[in-house]
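Summary of structural features
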Amino acid sequence: MAKDLLRQTRDYFKAQGIPEVDASILLEHLLKCTRTEVQLKLLRMSDDDVNELDRELRRLVLRRQNGEPVQYITGSAPFRYLEYQVGPGVLIPRPETESLVALVLEEIDRRSPAKSKVVDLGSGSGCIAIAIASERSGTEVTAVENSLEANHWLAKNVAALAPRVRLVAGGVVDACRGERFEIVVANPPYIPSGENLPAEVRKEPASALFGGDSTGMAAPVQFIAAAERLLVSGGFLALEHHESQAAAISKVLGPKFGEVNLVKDLTGRPRFTTARKR
Ligand code: GLN
């Protein structure tokens, strides 16, 4: 019966409306193995060891049930080809943001890495900056982050995964004064203030989620102003946003940017805008 730990936990989560995959993630974490190895490891364990594991698992299941995101419990989140350290105080990297990175890589390949200085505004865990630096090794990447807590995670991830990334602690409004970049990328806080979020998302920092007003556009407007200040003429901006904000973003880009291009995520929602500074 104990050998059924995985199925039991999946069934339990399903009944609670929690993604079943979280059961596998918690067991992989406790057993320090990959998903395909979980079942085999369980089968090879003694009954005593399985009982001990069961006790540890119950503690984590309770935390998940109380709304803690599974990535905060395991301390780790995947993004593109790497694993990032995360915990309270930093936004958990999202799969859709992987598409934002892809848009930047295409631009780097058009220009060549040596001619692409990139700045990631509001870098959080550093997932965007680190993915770019590690997938295009000749590129100079700067990560700007304001939050003290997020900077703690950012510094850890940069040290572990891409020590070449330059860290700048500060707000987007005046970061990197006097510098110019060929590419600005950002996944700013953009959620409209009234939006109802699942319990586990509410455990993430409000300052990383909410755009600051009922449209969620206050922060994106600041990020676009910073991009205008930081980009060379012909420089490329890649921005993630809410699906309701495509028209507003394009309006804010206004006459200062051209080649405005709306890009959909994998589920067909308009979630990214790229543009070129005139
Ligand atoms: N750039 C980070 C990410 O995409 C953090 C974004 C944020 O905190 N809004 O995950």
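See the structure shown above.
Residues numbered from 1 in each chain as written. Predicted model: local features only at pLDDT ≥ 70, side-chain atom pairs only at ≥ 80, totals over all residues. Heavy atoms only, no water.

1. Observations regarding the overall build of the protein chain
Filter applied, for reference: Only DSSP runs of H or I reaching four residues or more are called helices, and only runs of E reaching two or more are called strands; each is numbered from the N terminus. Computation of the radius of gyration draws on C-alpha atoms alone. For the globule rule, the value is 2.2 Å times the number of residues to the power 0.38. Accessible area is worked out with a 1.4 Å probe on protein chains only. A residue is then buried under 20% of its type maximum, exposed over 50%, and partly exposed in between. Every residue pair with non-hydrogen atoms within 4.5 Å of one another is taken to be in contact. All accessibility values rest on the Shrake-Rupley procedure with a 1.4 Å probe; residue burial counts only the protein chains present in the view. Residues scored as charged are limited to Lys and Arg (positive) and Asp and Glu (negative), so that His and the chain ends carry no count. Lysine's charge is taken at NZ, arginine's at CZ, aspartate's at CG and glutamate's at CD.
Looking only at helices and strands, the protein chain has 12 helices and nine strands in total. In terms of overall dimensions, the protein chain is globule-like: its C-alpha atoms have a radius of gyration of 21 Å, near the 19 Å expected for 278 residues. Overall, the protein chain is about 65 × 40 × 35 Å in size when its C-alpha atoms are taken along their principal axes. Put simply, the protein chain has 278 residues, and 49% of those count as buried. Partitioning the intrachain contacts of the protein chain with sequence separation of at least 6 by distance along the chain shows that 64% fall at a separation of at least 24. Accessible surface, the protein chain as shown: approximately 13,300 Å² in total, 53% of it carbon and sulfur. Within the protein chain, one finds 36 positive and 36 negative side-chain charges whose respective centroids are separated by 4 Å.

2. Re the pattern of salt bridges
Going by this rule: Think of a salt bridge as a Lys or Arg side-chain nitrogen and an Asp or Glu carboxyl oxygen that are within 4 Å of each other.
Applying the stated criterion across every chain yields a total of 23 salt bridges. With its nearest N and O atoms 3.6 Å apart, the salt bridge here joins Glu20 to Arg10. Taken as a pair, Glu20 in the loop between α1 (5-16) and α2 (21-31) and Arg10 in helix α1 lie far apart in primary sequence, 10 residues in all. Glu20 gets classed as partly exposed once you look at its relative accessible area, which sits at 27%. Members of the salt-bridge network, linked through shared partners, are Glu96, Glu240, Glu243, Asp265, Arg269 and Arg271.

3. Section: the nonpolar core
The following threshold applies: Residues enter a nonpolar core if they are buried and are Ala, Val, Leu, Ile, Met, Phe, Trp, Tyr or Cys, with the set joined through side-chain atoms within 4.5 Å.
Core analysis: the largest hydrophobic core is formed by 28 residues, its most contacted members being Ile132, Val165 and Val185. Those elements giving two or more residues to this core turn out to be α6 (97-111), α7 (127-135), β4 (140-145), α8 (148-161), β6 (181-186) and β7 (231-240). Leaving out residues up to four positions away in the same chain, Val165 has contacts with Ala129, Ile130, Ala133, Val141, Ala143 and Val158. Among the nonpolar cores identified, the runner-up in size contains 24 residues, and Val168, Val172, Leu231 and Ile249 belong to it.

4. Some thoughts on the site of the ligand
Definition in use: Nearness is judged by heavy atoms alone; a residue qualifies as near a molecule or strand once a single heavy atom is within 4 Å of it. Nitrogen and oxygen atoms within 3.5 Å of one another constitute a polar contact, given that in protein one can donate a hydrogen and the other can accept it, and given that sequence-neighbouring residues count only through two side-chain atoms. Each residue receives one of three labels: charged for Asp, Glu, Lys and Arg, nonpolar for Ala, Val, Leu, Ile, Met, Phe, Trp, Tyr, Cys and Pro, and polar for the others, Gly being one of them.
The local shell around the ligand consists of Leu91, Thr97, Gly122, Ser123, Gly124, Cys127, Ile128, Asn187, Pro188, Pro189 and Ala208. Gly122 is positioned with one of its backbone polar atoms (N or O) 3.1 Å from a nitrogen atom of the ligand. A distance of 2.9 Å is found between a nitrogen atom of the ligand and a backbone nitrogen or oxygen belonging to Ala208. Considered on its own, the ligand offers 290 Å² of accessible surface; in the complex 96% of this is hidden by protein. Looking at side-chain class alone, the shell around the ligand contains six nonpolar, five polar and no charged residues.

5. Quick notes on the sheet that holds β7
What counts here: Being paired, for any two strands, means DSSP has found at least two bridges between them. Axes here refer to lines fitted to C-alpha atoms; in helices the fit is confined to the stretch in contact. Angles between the N-to-C directions go from 0 to 180 degrees.
Sheet architecture is open: seven strands sit in the order β5-β4-β3-β6-β7-β9-β8, paired in mixed fashion. Sheet topology places β5 (166-169) and β8 (257-264) at the edges, where each strand pairs with a single neighbour. Strand-to-strand twist in this sheet, taken as the mean axis angle between neighbours without regard to direction, amounts to 15°. Relative to β7, helix α11 (residues 218-230) is tilted by about 155°, and along the sheet it contacts β3 (117-121), β6, β7, β8 and β9 (270-277).

6. Remarks on unusual backbone geometry
Of note in the backbone geometry, Lys32 takes a positive phi value of approximately 50° without being a glycine. As for its position among the elements, Lys32 is in the loop between α2 and α3 (38-44). Taking relative accessible area as the criterion, Lys32 reaches 75% and is therefore assigned exposed. Even without a glycine there, the phi angle at Ser112 is positive, about 90°. Within the element layout of this structure, Ser112 appears in the loop between α6 and β3.

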